[in-house]
Every structure is written in structure tokens, then in C-alpha cells.
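# Residue-level structural notes
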Amino acid sequence: MRKLVVLIGSMIVVVVAVVLLWPSRRQGLVVYSALDYGPAVAKAFTAKTGIPVRTIRLPTGGLLARITAEGHHPDWNLGWFDGATAAVLLDRAGLLAHGLKPPADLSAIGQSMTSPNGAFVPTGLTLAGVFIAPRSSDLPVPGTWADLLKPVYRGDIGMNDPSISGPTYPALAGMIKSAGGWPAGKSYVEALKANGLHVFAKNDATLAALRNGTIKLAVVQSSAAINTADNIDRNLHVVFPKPSYALPNVIVMAKGLQGRRRTEALRFIAYVNSPAGQMIRMKYGEGDGYYWPVTTNVAARKALPALDTLDLGRLNAERWGARQDEITAWFAHTIIGSGS
């Protein structure tokens, strides 16, 4: 009996040792990405570092809603999407880590897009709203946001719904800022509605309406417009309004991330702004690959004009982020609904 007990004890020790020494499957990072290139960047990062990354692709609106719903019990480690204003909204809800440091080689415009408390890191920029129209259109080419109110455009303009399309809120904020700010700029958007503005859910619906002739001019994010004109329909051309409002894509970290997981997350953030990471973003980014880098180590794709040739407008992320819920609710009620 004593020998049996000793034998069983020895077997238990061996089993425990095997369990402890057996390679465990690491969970790795969880990245919520609203950007096309997220999975490709994650795959390359894992190949380079050995750190596993699970990427969950979501539209910007869905991503922000999911992060908000998970609250202080996040299933995510990093979020990557268009819109510093949206990041400010998440930070005001207490959901983001602070102290994230941007890369040392930020360009001047990149430096202007950093977060005061390190709640987000800029990883590139697009333009919140540009004009796209058929080359054969009989409409005059609009130069400014005010031009869209002219009678010649009546019933011919379409845009996305900012309560569904996450990157559209900065475009709406830019329109309002150009018209005198909030709340004075309400009158401009109401005048657009009176001039027959069409509102569609997202880029694909708005651009489909443009291509089938429902509208003759669309206001969409620059990456979607340039990709469409460059790869899908060469009959379309893109016009950059004066001003064109910068829309940074940003990466954020869940509050409370600590230890090895935080270290891994910081390595991922550094990688997305590295030359290798950005080359992958441009190659595999589909529409989202048409962005301007905010670092000095990479050039933008050839289809993009130089930023210094554009009349570039800026939105204060803190100020306009704080107003996002109020303005999108007003738009839904007054412009889409039957309110006044």
C-alpha cells in the first residue's frame, strides 16, 4: 500500500510538471478595428514579434457603440478608427488609458493632432468631407461649403448619416464651423435640407446613389472618394473644398490595461506608425489605404495631392468631441426627422 501511495504521488508530480511546462496558447491582444488594413497589420505584427493579435472588424459606429456598451469591463485592448472627436467622447466616459506617447518622428500636422493627456495616438489622416461628382456633370464645380446652398444644386447633393457613419460627424462639424460654429451653423445645415439634401446611411449607399444618378454630387470622406474615383469609376472626379477638414485616424487603449499586455499594446501602436506598418496599410488598406501619414518617414500614395496644396481646416477634438452627441441628435431630429 505504501508503495502504491508513493507511486500515485510520483505520478501526480509528473502530471503537474507536464502541465506547467506544456506550452500554453497565449491569448494575445484584442484589437477592435474600423479600418480595412487592421487584420493585415495585425498579421504582420505577429509575424515580426510573435505576439498573437485577434482583430475584430467593425464599422466605426458599431465599434464605438461596442466599446461604450462594454464600459469598464472591456473585451478589447486597442481600438483603431477614424475620428479624434470620437476618441474624446470615449475618454470623457472614462474608458481610455492615458499617457500614450506618439512617435518621435511626427510631422508638424501630426504634432497638432496629439492628445493633451495621451488618450489617443494619431496614425494618419484623411479629410472628413470632400466633393465627388461625375466628370460629365453639367453642374458647376463647387469651391466652398457655402456654394452647396446655390439653387443650381437643388435636390442633387447627398451625404452620409452621422449617427450611422462614424467618420461623417467631423464632416458635419466642419460644415457647421465654416458657417459660424455651433449653434449658429445650424442654419446652414437647415438650408442644405431646404435645398433638397439627400441623407444616406454610409459611404457605399451615398456613392451608389451618385453612380446611379439619384444625386449628382456626394459629400464623403476623402479616402472613400479617392478610392472610388481611382479604382472603381474613372468617370468620377474629386474636388477638395475650401476648407477641407482634417480627419485623423487614431488608436486608443482600454483603461486599466497593465503589465505584459500593456507593453505588447504599446509595441503594436509603435508598429502601426513604423515604415513597415504603413507600407502594409497602404498596400492592403483598400479605401482606407488612401490616407496621409502623420510621420516624416513615409510618403502618401501617389493618388493623393500634397497636403500643402490644400486649404486645410482643423477641428479642435476636445471642443467638437464634447458636442458630438448633441449635434448628431439634433441632426437626426431636425434634418432626418420631421422636427423643426
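### Comments concerning helix 9 (residues 222-232)
Along helix 9, eight of the eleven residues are buried, which leaves the element largely enclosed by surrounding structure. Where the residues of helix 9 are buried, they touch strand 4 (121-127), strand 5 (130-134), helix 8 (203-211), strand 8 (217-220) and strand 9 (236-239).

### Some words on the packing of aromatic side chains
For any pair of aromatic rings, the description consists of the separation of the ring centres together with the inter-plane angle of the planes. The final tally for this structure, using the stated rule, is eight aromatic pairs. On the numbers, 6.4 Å between centres and 35° between planes, the contact of Tyr32 with Trp76 is tilted. Placement of the pair is Tyr32 in strand 1 (residues 29-33) and Trp76 in the loop between helix 3 (60-70) and strand 3 (78-82), with a sequence separation of 44 residues. The class of Tyr32 is buried, set by a relative accessible area of 0%. Since its relative accessible area comes to 2%, Trp76 is described here as buried. Among the aromatic residues, those joined into a cluster by ring pairs are Tyr37, Phe45, Trp80, Phe268, Tyr271 and Tyr291.

### Structural notes on helix 10 (residues 259-272)
For helix 10, which comprises 14 residues, the first-to-last C-alpha distance of 21 Å matches the rise-based estimate of 20 Å (1.5 Å per residue) to within 8%. Of the positions making up helix 10, those classed as buried are Arg261, Glu264, Ala265, Phe268, Ile269, Tyr271 and Val272. Mapping the buried residues of helix 10 onto a view down its axis gives an arc of 160°, with all of them on the same face. Among the exposed residues of helix 10, those oriented more than 90 degrees off its buried face are Arg260 and Ala270.

### Examining the nonpolar core
Trp145, Leu148, Val189, Val219 and Trp320 are the most contacted members of the largest nonpolar core, which totals 30 residues. A total of six residues in this core trace back to one element, the largest contributor, which is helix 6 (residues 168-178). Apart from the residues lying within four places of it in its own chain, the contact partners of Trp145 are Gly129, Phe131, Met175, Ser178, Tyr188, Val219, Pro241, Lys242, Pro243 and Tyr245.

### Concerning the packing of helix 2 (residues 38-49) against helix 10
Packing of helix 2 against helix 10 brings their axes to within 11 Å, and their N-to-C directions diverge by 115°. Handedness of the crossing formed by helix 2 with helix 10: right-handed. In contact with Val41, Ala42, Ala44, Phe45, Lys48 and Thr49 of helix 2, helix 10 contributes Glu264, Arg267, Phe268, Tyr271 and Val272. For the contact of helix 2 with helix 10, the residue count by class is seven nonpolar, one polar and three charged.

### Side note on the sheet that holds strand 6 (residues 157-160)
Strand order across the open sheet formed by five strands is 7-6-8-5-9, with mixed pairing between neighbours. Two strands in the sheet have a free side with no partner beyond their single neighbour: strand 7 (198-200) and strand 9. In this sheet, adjacent strand axes meet at a mean angle of 25° when their direction is disregarded. Summarising the sheet, strand 6 and strand 8 pair through three bridges and their orientation is parallel.

### What about unusual backbone geometry?
The linkage connecting Trp182 with the following residue, Pro183, adopts the cis geometry, with an omega of 10°. As for its placement among the helices and strands, Pro183 is situated in the loop between helix 6 and helix 7 (186-194). The step from Lys242 to Pro243 runs through a cis peptide bond, and the omega angle for that step is -5°. One non-glycine residue, Glu286, lies in the positive phi region at around 50°.

### Quick look at the pattern of salt bridges
Evaluation of the coordinates by the stated rule reveals eight salt bridges. Across the pair Lys150 and Asp147 runs a salt bridge, and its minimum N-O distance is 3.3 Å. A residue is classified by how much of its surface remains accessible, and Lys150, at 42% relative accessible area, is partly exposed. Arg211 is the salt-bridge partner of Asp233, the closest N and O atoms lying 3.2 Å from each other. Pair noted here: Asp233 is in the loop between helix 9 and strand 9 and Arg211 is in helix 8, with a separation of 22 residues, a long-range link. Its relative accessible area of 16% is what places Asp233 among the buried residues. Among the residues examined, Arg211 registers a relative accessible area of 48% and is labelled partly exposed. Look at the salt bridges and you will find they share partners, linking Arg260, Arg261 and Glu264 into a network.

Reading the values: the criteria
Once a new chain begins, its residue numbering starts again from 1 and follows that chain's sequence as written. Only residues with pLDDT of 70 or above have their local features reported here, since the model is predicted, and side-chain atom pairs are shown and tallied only from 80 upward, although totals for entire chains, interfaces and linings are computed over all residues. Note that water and hydrogens are dropped before the side-chain values are worked out from all heavy atoms of the structure. Using a 1.4 Å probe on the protein chains alone, a residue whose accessible area is under 20% of its type maximum counts as buried, one over 50% counts as exposed, and one in between counts as partly exposed. Comment: elements are numbered from the N terminus, with helices defined as DSSP H or I runs of at least four residues and strands as E runs of at least two. Every residue pair with non-hydrogen atoms within 4.5 Å of one another is taken to be in contact. Only Phe, Tyr and Trp rings take part, Trp by its six-membered ring, and two of them pair if their centres are within 6.5 Å. Stacked means planes under 30 degrees apart, edge-to-face means over 60, and tilted covers everything else. For a helix, the expected span equals 1.5 Å multiplied by the residue count minus one. Here the arc refers to the set of directions running from the helix axis out to each C-beta atom. The term nonpolar core refers to a set of buried residues drawn from Ala, Val, Leu, Ile, Met, Phe, Trp, Tyr and Cys, joined through side-chain atoms within 4.5 Å. Lines fitted to C-alpha atoms define the axes, with helix axes restricted to the stretch in contact, and inter-axis angles between N-to-C directions lie between 0 and 180 degrees. In this scheme the crossing of two helices becomes right-handed for a clockwise turn of the near helix relative to the far one and left-handed for an anticlockwise turn of less than a right angle. Under the scheme applied here, ten amino acids are nonpolar (Ala, Val, Leu, Ile, Met, Phe, Trp, Tyr, Cys and Pro), four are charged (Asp, Glu, Lys and Arg), and all others, including Gly, are polar. Paired strands, in this sense, are two strands between which DSSP finds at least two bridges. Salt bridge, as used here, is a side-chain nitrogen of Lys or Arg placed within 4 Å of a carboxyl oxygen of Asp or Glu.

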